[in-house]
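Okay, here's what each chain looks like letter by letter:
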Amino acid sequence: MRLLYHPDKKDLSLAGVLYALGDPVRLEIVRRLAEKGELTCCDALKVQIAKSTLSHHFKVLRESGVVCSRKEGTQHMNSLRRDDLDDRFPGLLNTILQAIEP
């Protein structure tokens, strides 16, 4: 089984986080994760996009340190790394979530 890469909290960069959040699809994923807590890839969006595209978006979010993914059976469960993001960049996630509320 291949391990998923998650950067250490100390290695999170503002540029990397902002890049990951600079895409409307990834912003919607983050909004849904903030609302629901933990989701599978399939539950992350209400719109249908290709599974490979969705996997790419989760990889960008995971490798930038925005989300944490864990394997549960055949599913990847995803959640926000809220505590790590708040420690490194206080108030950033809350500001972004407030700005994208529907």
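Predicted model, so just to flag it, every value in this text is computed and none were measured.

Draft legend 1. A look at the nonpolar core. One finds Leu21, Val30, Leu61, Val66, Leu80 and Leu85 to be the most contacted residues of the largest nonpolar core, which totals 21 residues. Counting residues per element, this core draws most heavily on helix H3 (residues 51-64), at four residues. Apart from residues lying up to four places away in sequence, leucine 61 is in contact with Ala20, Leu21, Arg26, Ile29, Val30, Val66 and Val67.

Draft legend 2. Quick peek at the environment of proline 7. As for its position among the elements, proline 7 is in the segment before helix H1 (14-20). For the pair proline 7 and valine 66, spaced 59 residues apart in the sequence, the C-alpha separation amounts to 9.6 Å. For proline 7, the contacting residues outside a window of four places in its chain are Leu12, Arg62, Glu63, Ser64, Gly65 and Arg81.

Here is what the cut-offs are and how they apply
Residues numbered from 1 in each chain as written. Predicted model: local features only at pLDDT ≥ 70, side-chain atom pairs only at ≥ 80, totals over all residues. Heavy atoms only, no water. Core = buried A, V, L, I, M, F, W, Y, C linked by side-chain atoms within 4.5 Å. Buried < 20%, exposed > 50% of the residue type's maximum accessible area, 1.4 Å probe, protein only. Helix = DSSP H or I, 4+ residues; strand = E, 2+ residues; numbered from the N terminus. Contact = heavy atoms within 4.5 Å.

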